[in-house]
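Here is what each chain is made of, one letter per residue.
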Amino acid sequence: MPDAMPDTAPPPPPPSPAKPRWTQDAALALVFLTRLPLPAIAPLNGPLAEGAAARAMGWFPLVGALVGLAGGAVLALAAALNLPPLAGALLALAATVRLTGGLHEDGAADVADGFGGGRDTARKLEIMRDSRVGSYGVLALVFSVAIRAAALAALPVPAAVAALAAAGALSRCGLAGLALALPPARRDGLGAAQGRPAASTVLLSLALGLAVAAAALWGIARPGADAVALPLAAVFLASLAAVWAMAALARRQIGGQTGDVFGAAQQMAEAAVLLTLAALAGDIR
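Throughout, residues of each chain are indexed from 1 in the direction in which the sequence is written. Only residues with pLDDT of 70 or above have their local features reported here, since the model is predicted, and side-chain atom pairs are shown and tallied only from 80 upward, although totals for entire chains, interfaces and linings are computed over all residues. To obtain the side-chain values, all non-hydrogen atoms of the structure were included, while hydrogens and water were left out.

A. Here's a closer look at the overall build of the chain. Comment: elements are numbered from the N terminus, with helices defined as DSSP H or I runs of at least four residues and strands as E runs of at least two. Check the secondary structure of the chain and you find 13 helices and 0 strands. Beginning at the N terminus, the succession of helices and strands in the chain can be written as α-α-α-α-α-α-α-α-α-α-α-α-α. Relative accessibility decides the category of a residue: with a 1.4 Å probe and only protein chains considered, values under 20% of the type maximum give buried, values over 50% give exposed, and everything between is partly exposed. By the burial criterion, 45% of the 285 residues in the chain qualify as buried. For the chain, contacts bridging at least 24 residues in sequence account for 78% of all contacts bridging at least 6. In what follows, residue pairs with any heavy atoms lying within 4.5 Å of each other are defined as contacts.

Here is the structure:
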């Protein structure tokens, strides 16, 4: 006769170990900055939201480097197909826009419209929230794309690929500092929802941006004692100067930051890095 079934159910399997917080923060940065079909991590109003949005800013440079490398792959393919350098540069930028959903370009256009067309702070913020793009916004997008494409086209292909990775990282490494330095200009919206990052998050973001840029420039710098140090210092300072300029302008125009201000700061910083590398083309190969 078979044994009777036990009265108690078998113990449940042990719970799987929780993922480290830094992996969740890095994944959240990827969700914020790209349109990749990633599974939802957690709702922004859930437990993960408590400080996670601000902490995720520390990982923005790594996401930016991935976006830049994607654009670099398209540029290299265009060069292999013997397309003109400017066409390859434009296709590379189109790939980065596709990957990010035009997030930063949209912010730059809104800031240009708001700052250029608003009479006072309330009106500027109202214009920035409007989904329509005005003449200032269109001109900002045209100049942003044109300047970055021209700078890329002036570089040899290997240097242009490295420049995209470095610019992707450096243009986002100062955004955490901007969030810490400026209060939100409005109580709702992305700028207010993400919170203000800790100083450690700002330092992490700067360190990652510098490390990615150093790795990208290492292989294209000409031999010499200052082969990497000079261009690295130049592009790092150029990116921070661009973010600082945007922060100063936002403080004067609307008294703080919004999500659009972050987008405009990223565009300015990316253009500054690419222009600096184009100016130093004689020091790279």
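Continuing now.
B. Seen up close, the nonpolar core. If you look at the biggest cluster of nonpolar residues, it comprises 36 residues, and the most contacted ones within it are F115, L178 and V261. Setting aside residues no more than four positions away along its own chain, F115 makes contact with K124, M128, M246, L249, A250, Q253, I254 and V261. Take the buried residues of types Ala, Val, Leu, Ile, Met, Phe, Trp, Tyr and Cys, join any two whose side-chain atoms come within 4.5 Å, and each joined set is a nonpolar core. Among the nonpolar cores identified, the runner-up in size contains 31 residues, and A160, A163, L217 and L274 belong to it.

C. Representation of the environment of L237 in the model. Here L237 shows up in helix α12 (residues 229-254). The exposure class of L237 is exposed, given its relative accessible area of 55%.

D. Here's a closer look at the environment of P183. One can find P183 in the loop between α9 (175-181) and α10 (190-193). For the pair formed by P183 and R251, sequence separation is 68 residues and the distance between their alpha carbons is 9.0 Å.

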